[in-house]
Amino acid sequence: MQTSPSLIEIYNMEKHYIKNKLYNTSVLRVVDGISFSISKGETFSLIGESGCGKSTLGRIIGKLLVPTTGKVLFEGRDITKLVRKKDKKLQKDIQYVDKEASFKWNKRSTIFKMLEKVLETHEMCSNTNGHCLISHLLNSMGLAHIAYHPIQGLTPGERQLVNIACALVLQPKLVILDDPLSGLDLSVQSQVLNILSHIKKKRAITYLFISDNLNASYYISDQVAVMYKGRIVEKGTVSQIYEEPIHPYTQALMSTVPSIYKRERIILKGAPPSSSCPSNGCPFYKRCPFAQEACKSRQPLLREIRSGQFVSCHLYA
């Protein structure tokens, strides 16, 4: 099967923070040397425990954070040093959705008016065409019946759908969904996922889905990357990662979703190391039941172990 061309490519991405700027005593390596690409029209998920760096990586790709080092190519164009606010095409083509957007809304505005404002900001609202675009989107997302309701009366699920609609109305090429199901009950989560899948089938759109909701990622993803302490430890198709995980951390992570990964629950000992105390070795070695001497001193490379499945582990070096 022929693969689609890459929409976005990430090369050796790093993001560091100085914990004590006065004495420069502590460097937090939140993202630590990550490379991958996302093909046009696919859903690529970043999963892992809270604090693994996946949201920071998403914000870098969305041009909301500047990386310490690394490169981002979008449709072959180097956008690493571009300023998002100064590039209207980039603002339109790459949309970032998180759960915080609703706090910035005018609560008295209606959904339709707010989407009109989004189009006006990006000079895309040409009366009839803009109204048709909004109406069609609201219909496809099941929001048409509340199009003229004030924002303040919406349920949490409806607010999140409006968050997503504000991104989709611009007809972007890439939508970054950062923890879009947080705080929603299971039935509403299913509704949001179904709508996202429906929109994807109708449009040539690409998703970067960032979440620690493993069931949701399994449902919506084509490709999955597992992050641990700022690094990707395993990457592959959704079936490879969820049904045939190779890395010891991925196996432990997948054992928490027995409906998918039908094996005994794996309990990891100890706690993840601090990002401010990086080592040259594997960040997982203190918790790994298969740790070797090499794990303490050398960082394992991300290697292709099976066709399309990449693993960073000395067991498979």
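Every chain is numbered independently, its residues counted from 1 as its sequence is written. Predicted model: local features are reported for residues with pLDDT of at least 70 only, side-chain atom pairs are reported and counted for 80 or more only, and whole-chain, interface and lining totals are derived from all residues. Hydrogens and water molecules were not included; the side-chain quantities draw on all heavy atoms of the structure.

Note on pairing: DSSP must find at least two bridges between two strands before they are called paired. Secondary structure elements are defined from DSSP: runs of H or I of at least 4 residues count as helices, runs of E of at least 2 residues count as strands, and each element is numbered from the N terminus. Taken together, the eight strands give an open sheet; going across it, the order is 6-7-8-3-9-10-12-11, and neighbouring strands pair in mixed fashion. Edge positions in the sheet fall to strand 6 (94-97) and strand 11 (302-306), since each has one partner strand and no second. Ignoring strand direction, the axes of neighbouring strands in this sheet form an average angle of 20°. Pairing between strand 3 (residues 43-47) and strand 9 (residues 223-228): four bridges, direction parallel. Within the sheet, the bridge partner assigned to F44 lies in strand 9 and is Q223. Contacts from helix 5 (residues 156-168) reach strand 6 and strand 7 (174-178) within the one sheet, and its direction differs from that of strand 6 by about 170°. Note on contacts: a residue pair is in contact if any heavy atoms of the two residues lie within 4.5 Å. To obtain each axis, a line is fitted to C-alpha atoms, and for helices this fit is confined to the stretch in contact; angles are then taken between N-to-C directions over 0 to 180 degrees. The sheet strands contacting helix 6 (residues 186-202) are strand 3, strand 7 and strand 8 (206-210), and the helix crosses strand 8 at an angle near 155°.

Attention now moves to the sheet that holds strand 4 (residues 69-74). Read from one edge of the open sheet, four strands run 2-1-4-5, paired in antiparallel fashion. Each having just a single partner strand, strand 2 (27-39) and strand 5 (77-78) make up the two edges of the open sheet. Across the sheet, helix 1 (residues 54-61) touches strand 1 (6-18) and strand 2, and the angle it forms with strand 1 is around 120°.

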